[in-house]
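What the coordinates show
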Amino acid sequence: MLSNVLSLLTSSPNSKLSHVTLQTGTKQYVGPITDSVISTQLVPHEPPFREDYARLPFPNFYHDLEDIIYSYYKAFTYSIHRPSIIIGASSRSSYNFLLTLSVYALVCKHENYPCRYFGNKYTWGHFCELSDARLITEQQIWASTTKCAKNQAFNCTNGDMFTWKSMWIVLCDVFEIEFVPFDEKDKFDCVDFMKDKRSGLG
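Let me begin by describing the structure that accompanies this report. The shown structure was predicted, so the numbers you read here are calculated from the model rather than taken from an experiment.

Conventions and cut-offs
- Residues numbered from 1 in each chain as written.
- Predicted model: local features only at pLDDT ≥ 70, side-chain atom pairs only at ≥ 80, totals over all residues.
- Heavy atoms only, no water.
- Patch = residues over 30% accessible without salt bridge, like charges linked within 9 Å, V, L, I, M, F, W, Y side chains within 5 Å.
- Areas by Shrake-Rupley, 256 points an atom, 1.4 Å probe, with all protein chains shown as cover.
- Salt bridge = Lys/Arg side-chain N within 4 Å of Asp/Glu carboxyl O.
- Helix = DSSP H or I, 4+ residues; strand = E, 2+ residues; numbered from the N terminus.
- Contact = heavy atoms within 4.5 Å.
- Axes fitted to C-alpha atoms, helices over the stretch in contact; angles between N-to-C directions.
- Parallel < 35°, antiparallel > 145°, perpendicular 65-115°, else oblique.
- Left-handed = near helix turned anticlockwise from the far one by under 90°.
- Pairing = 2+ DSSP bridges.
- Polar contact = N/O pair within 3.5 Å; in protein donor to acceptor, adjacent residues only side chain to side chain.

1. A look at a nonpolar patch on the surface
Judged by side-chain polarity, M1, V5 and L9 come together as a nonpolar surface patch covering roughly 330 Å² of accessible area. Summarising the element assignment, M1 is placed in the segment before helix 1 (2–11).

Here is the structure:
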């Protein structure tokens, strides 16, 4: 899809395309962690992640997109942006983790159900970071209008470090729901829990 769009735009004599922005993410450094088979073989880069780290030797859609962009290096400049978990005020974005958490918390409150953490032991206790959608936007505008920023990749995070162990308490306080500490023995499936909740919240 990307290749077709760029081919069309660059072949038009009236095209005014001068810069392309590509947004990927931190899977550039940790690999396809959602792949149940490959994830057991992954050896991610050590944080803090650097934009010039070599690619991990695993299939990654991000690499394909970057290679397409690179192939047009004579036609336009580019910038690549790698945010972490994206949060922001959006009601229509399926990748807005803040919205997902809020819906889950509201369902728990509505059903008087304890708000269980649906991650794993590692993510519960280790440091994490987020990327505000407004910050990502500002970075992309800056990179597209600043000469020294052209043809480069940029990480983009808020810089605030936290643990989900501490954040989960805040989430429960905000929504006034019961906090339940993470228990590795409790095999909670959030997808299974949420699959029949659509009609009950109308």
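2. Comments concerning the environment of P59
One can find P59 in the loop between helix 2 (27–30) and helix 3 (61–70). Along the primary structure P59 and P32 are separated by 27 residues, whereas in three dimensions their C-alpha atoms are 7.5 Å apart. Setting aside chain neighbours within four positions, we find P59 in contact with P32 and I38.

3. Some points on the packing of helix 1 against helix 3
The relative placement of two packed helices comes down to the angle between their axes together with the axis-to-axis distance. Where helix 1 contacts helix 3, the axes come no closer than 10 Å and their chain directions differ by 15 degrees. Taken together, the axes of helix 1 and helix 3 lie roughly parallel to each other. As helix 1 runs across helix 3, the sense of the crossing is right-handed. Contacts between helix 1 and helix 3 involve L2, S3 and L6 from the former and L65, I68 and I69 from the latter.

4. Looking at the sheet that holds strand 2 (residues 77–83)
The pairing of strands in a sheet happens through backbone hydrogen bonds and is either parallel or antiparallel. One open sheet accounts for three strands, arranged 1-2-6; its pairing is parallel. Since the sheet does not close on itself, it has two edges, and those belong to strand 1 (19–23) and strand 6 (152–156), each with one partner. Along the sheet, successive strands turn relative to each other by an average axial angle of 20 degrees, direction set aside. When strand 1 meets strand 2, the two strands line up parallel, connected through five bridges.

5. As for the side chain of S79
Residue position: S79 is located in strand 2. Only 3.0 Å separates the side chain of S79 from the side chain of H19, close enough to count as a polar contact. Reaching out from S79, the side chain makes a polar contact with the side chain of H81 at a distance of 2.8 Å. For S79, the contacting residues outside a window of four places in its chain are H19, V20, T21, L22, A143, Q152 and F154.

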